[in-house]
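Here are the chains, one letter per residue:
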Amino acid sequence: MEVKIGVQHAPREIVLESGQSAEEVESAVAEALSGKSQLLSLVDDHGRKVLVPSDRLAYVEIGEPTARKVGFGAL
């Protein structure tokens, strides 16, 4: 699923494809915003960890799960 993270005072957003479910991403964001955690920590499809300080979060956009396309057909 695609996750877009807006960071305050940064010109670009962070975009990553995550294998985590929408509920897992939402709970991680909620913990970061409530002050339970100092960092928002997400893992992308390649196993890389993305850490964003919770006080710098501007927004988090959680996309819908995308099905992997197989084949060479034209759409």
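Small disclaimer: the values here were computed from a predicted structure and weren't measured.

### Overview of the overall build of the protein
Assigned secondary structure in the protein consists of one helix and five strands. In the protein, the succession of α and β elements from N to C terminus is β-β-α-β-β-β. Here the protein, with 75 residues, has 23% of them falling under the buried criterion. Within the protein, contacts between residues at least 6 apart in sequence are counted, and of these 48% link residues at least 24 apart.

### A closer look at the confidence of the model for the protein
Per-residue pLDDT for the protein averages 88, and the proportion of residues at 70 or more is 88%. Considering each helix and strand of the protein separately, the mean pLDDT is smallest for strand β2 (residues 14-17), with a value of 92, and largest for strand β5 (residues 57-62), with 95.

### Section: the nonpolar core
Formed by 13 residues in total, the largest nonpolar core has its most connected members in V3, I5, L40, L42, V52 and L57. If you list the elements that add at least two residues to this core, you get β1 (2-7), α1 (22-34), β3 (39-43) and β4 (49-53). Those residues in contact with I5 that lie beyond four places of it in its chain are E13, I14, L16, L40, L42, V52, L57, Y59 and V60.

### Some details on the pattern of salt bridges
Taken as a whole, this structure holds one salt bridge when the rule is applied. Taking the shortest distance from any N to any O, the salt bridge between D44 and R48 comes out at 2.9 Å. Classification of D44 by relative accessible area gives buried; the value is 11%.

### A closer look at the sheet that holds β1
Two modes of strand pairing occur in sheets, parallel and antiparallel, and in both the strands are linked by backbone hydrogen bonds. Strands sit in the order β2-β1-β5 across an open sheet of three strands; the sheet is antiparallel. One side of each edge strand has no neighbouring strand; the edge strands of this open sheet are β2 and β5. The sheet shows a mean angle of 15° between the axes of neighbouring strands, direction not considered. Both β1 and β5 contribute to a ladder of five bridges, which runs antiparallel. Note that in β5 the partner of V3 across the bridge is I62. Here α1 sits on the sheet in contact with β1 and β5, set at roughly 170° to β5.

Conventions used here
Residues numbered from 1 in each chain as written. Predicted model: local features only at pLDDT ≥ 70, side-chain atom pairs only at ≥ 80, totals over all residues. Heavy atoms only, no water. Helix = DSSP H or I, 4+ residues; strand = E, 2+ residues; numbered from the N terminus. Buried < 20%, exposed > 50% of the residue type's maximum accessible area, 1.4 Å probe, protein only. Contact = heavy atoms within 4.5 Å. pLDDT = per-residue confidence, 0-100. Core = buried A, V, L, I, M, F, W, Y, C linked by side-chain atoms within 4.5 Å. Salt bridge = Lys/Arg side-chain N within 4 Å of Asp/Glu carboxyl O. Pairing = 2+ DSSP bridges. Axes fitted to C-alpha atoms, helices over the stretch in contact; angles between N-to-C directions.

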